[in-house]
Amino acid sequence: MDDGNHNHPLTMKDIARLLGVSVSTVSRALQDHPGISKQRRELIKQFAREHHFRPNVVAETLRNSRHTPQKVIGVIMPEFVHYYFASVLTGIEQAASKRGYRIMVASSYEQAEREVSICDAFYRSQVCGIIVSQAKNTLNCDHFVRLTQDGVPLVFYDRICTAINAHRVVVDDYMGTRKAVSYLLEHGCRRIAFFGTSPNMEISINRYNGYRDALNQHGINIDENLIKLCDNRVVAEEITPTMMQMVNPPDAFFAVNDDTAVGILHAVKKLGYRVPDDISICGFSGGNQGQATSPALTSVEQDGLRVGQEAADILMGLVEGTLDRNRAQKRVVKTRLVIRGSTR
């Protein structure tokens, strides 16, 4: 007997062929139908377990002409409170509702394990596709690979699983950062600290590369002492005072998000520095948080609403067949540097 190894996920049709039974027999056995003998049920279920069979409920629904596939999109957010992610969600919902889709939303709370369980729950709930920004500590993307193998359309936004050739919508992290750091340099700053996020994420790499290339373009050597892993306000308020005690402290900060930039702002003001006369600070997000500070925060504005709309547009195109699932859709939304009072 063929051992059942395939380059594609095992289907009920495969099991039926390998065991010499009908597809309907396999389907009923897996559902413990009493019309199938107990011995045969156990044989089929054991074979399915040994070969890691997962019923493709999405495909089954699409194949069953008696049912209309659910027009429900699963959305996974790293967190609810972040302005950017909230605006992305708004964009997804607006675009989806215009075409008769509903959304089902869950947050990973930046936990890889929870992200895996949400993917499984969405799969079992028969969502027609999933839009996701992965958690910071997600290193293993097997759960995303399984979804694509099982025929579930998957679109990433902001944080991308680079292990697969994924459909994605991102902002221009590299150019947004490069323009912001170049602006700081052109206005007299020479020692610009960079507060970044987890190096396993593509957005972190792109923003660091933008920072590095801006410095290189202006003939400034990179000082590793000015580069820190810091992506939230609490940590920023803890480490900024130490950096300002350096023999040659920074005269500007670029932060990976506005929350971190606000922490830097509070820390340097508490130390008695004047912003922007002594220290310039730039964030990345463009949310309401930075506009409420004193002085208001200069920031790279990313259009979360547009990102969400584009992600939903791709997902619905994949579901409806107007976009090729085998050709990765990649869209980039431009950023805009908004100058406010925290920079010279």
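As shown above, the structure is provided for reference.
It should be emphasised that the depicted structure is a prediction, and the values quoted were computed from it without experimental measurement.

On to the overall build of the chain, then. Counting its secondary structure elements, the chain contains 12 helices and 12 strands. Based on the C-alpha atoms only, the size of the chain along its principal axes is roughly 80 × 40 × 35 Å. Across the 344 residues that make up the chain, the buried fraction comes to 50%. For the chain, the accessible area works out to roughly 16,500 Å², and carbon and sulfur atoms hold 48% of it. The positive charge centre, built from 41 side chains, and the negative charge centre, built from 37, are 5 Å apart in the chain.

This next bit is on the sheet that holds strand 7 (residues 227–229). Taken together, the six strands give an open sheet; going across it, the order is 7-6-8-9-10-12, and neighbouring strands pair in mixed fashion. Looking along the sheet, the strands with just one partner apiece sit at the ends: strand 7 and strand 12 (335–338). In this sheet, adjacent strand axes meet at a mean angle of 15 degrees when their direction is disregarded. Bridge count between strand 6 (residues 192–196) and strand 7: three bridges; the pairing is parallel.

Now for unusual backbone geometry. Cis rather than trans, the peptide bond between V275 and P276 has omega equal to 15 degrees. Note that P276 resides in the loop between helix 11 (258–270) and strand 9 (280–285). At the junction of S294 and P295, the peptide bond is cis and its omega measures out at -5 degrees in the coordinates. Topologically, P295 is positioned in the loop between strand 9 and strand 10 (298–302). For E110, which is not a glycine, the phi torsion comes out positive at approximately 60 degrees.

Moving on, we get to the environment of E186. Assignment of secondary structure puts E186 in helix 8 (residues 173–186). Through-space distance from the C-alpha of E186 to that of R344 is 9.8 Å; in sequence the pair is 158 residues apart.

A separate point is the nonpolar core. Residues I73, I131, I192, F253, F254 and I281 are the most contacted members of the largest nonpolar core, which totals 59 residues. Not counting the four nearest positions on each side in its chain, I281 is found in contact with F253, A261, I264, L265, V268, V275, L297, T298, S342 and T343. Counting residues in hydrophobic clusters, the runner-up holds 21 residues, among them F122, L147, V152 and V170.

If you want to describe how two helices pack, look at the angle between their axes and the distance between the axes. Across the interface, helix 1 (residues 12–19) lies against helix 2 (residues 23–30) with an axial gap of 8 Å and an inter-helix angle of 110 degrees. With respect to helix 2, the element helix 1 is oriented roughly perpendicular. Residue-level inspection shows M12, K13, I15 and A16 of helix 1 in contact with helix 2, the latter providing V23, V26, S27 and L30. Its residues placed into classes, the contact of helix 1 with helix 2 shows six nonpolar, one polar and one charged.

The six strands lie next to each other as 2-1-3-4-5-11, forming an open sheet whose pairing is parallel. Two strands close off the open sheet at either side, each with one partner strand: strand 2 (102–107) and strand 11 (330–333). Pairs of neighbouring strands in the sheet enclose a mean axial angle of 15 degrees, with direction left out of account. Of the pairings in the sheet, the one linking strand 4 (residues 154–157) to strand 5 (residues 167–171) comprises three bridges and is parallel in character. The residue bridging Y157 from the neighbouring strand is V169, located in strand 5. Contacts from helix 12 (residues 304–320) reach strand 1 (72–77), strand 3 (129–132), strand 4, strand 5 and strand 11, with the element oriented near 170 degrees to strand 5.

What counts, and where the lines are drawn
Residues numbered from 1 in each chain as written. Predicted model: local features only at pLDDT ≥ 70, side-chain atom pairs only at ≥ 80, totals over all residues. Heavy atoms only, no water. Helix = DSSP H or I, 4+ residues; strand = E, 2+ residues; numbered from the N terminus. Buried < 20%, exposed > 50% of the residue type's maximum accessible area, 1.4 Å probe, protein only. Areas by Shrake-Rupley, 256 points an atom, 1.4 Å probe, with all protein chains shown as cover. Lys, Arg positive; Asp, Glu negative; His and termini not counted. Charge placed at Lys NZ, Arg CZ, Asp CG, Glu CD. Pairing = 2+ DSSP bridges. Axes fitted to C-alpha atoms, helices over the stretch in contact; angles between N-to-C directions. Core = buried A, V, L, I, M, F, W, Y, C linked by side-chain atoms within 4.5 Å. Contact = heavy atoms within 4.5 Å. Parallel < 35°, antiparallel > 145°, perpendicular 65-115°, else oblique. Nonpolar A, V, L, I, M, F, W, Y, C, P; charged D, E, K, R; others polar.

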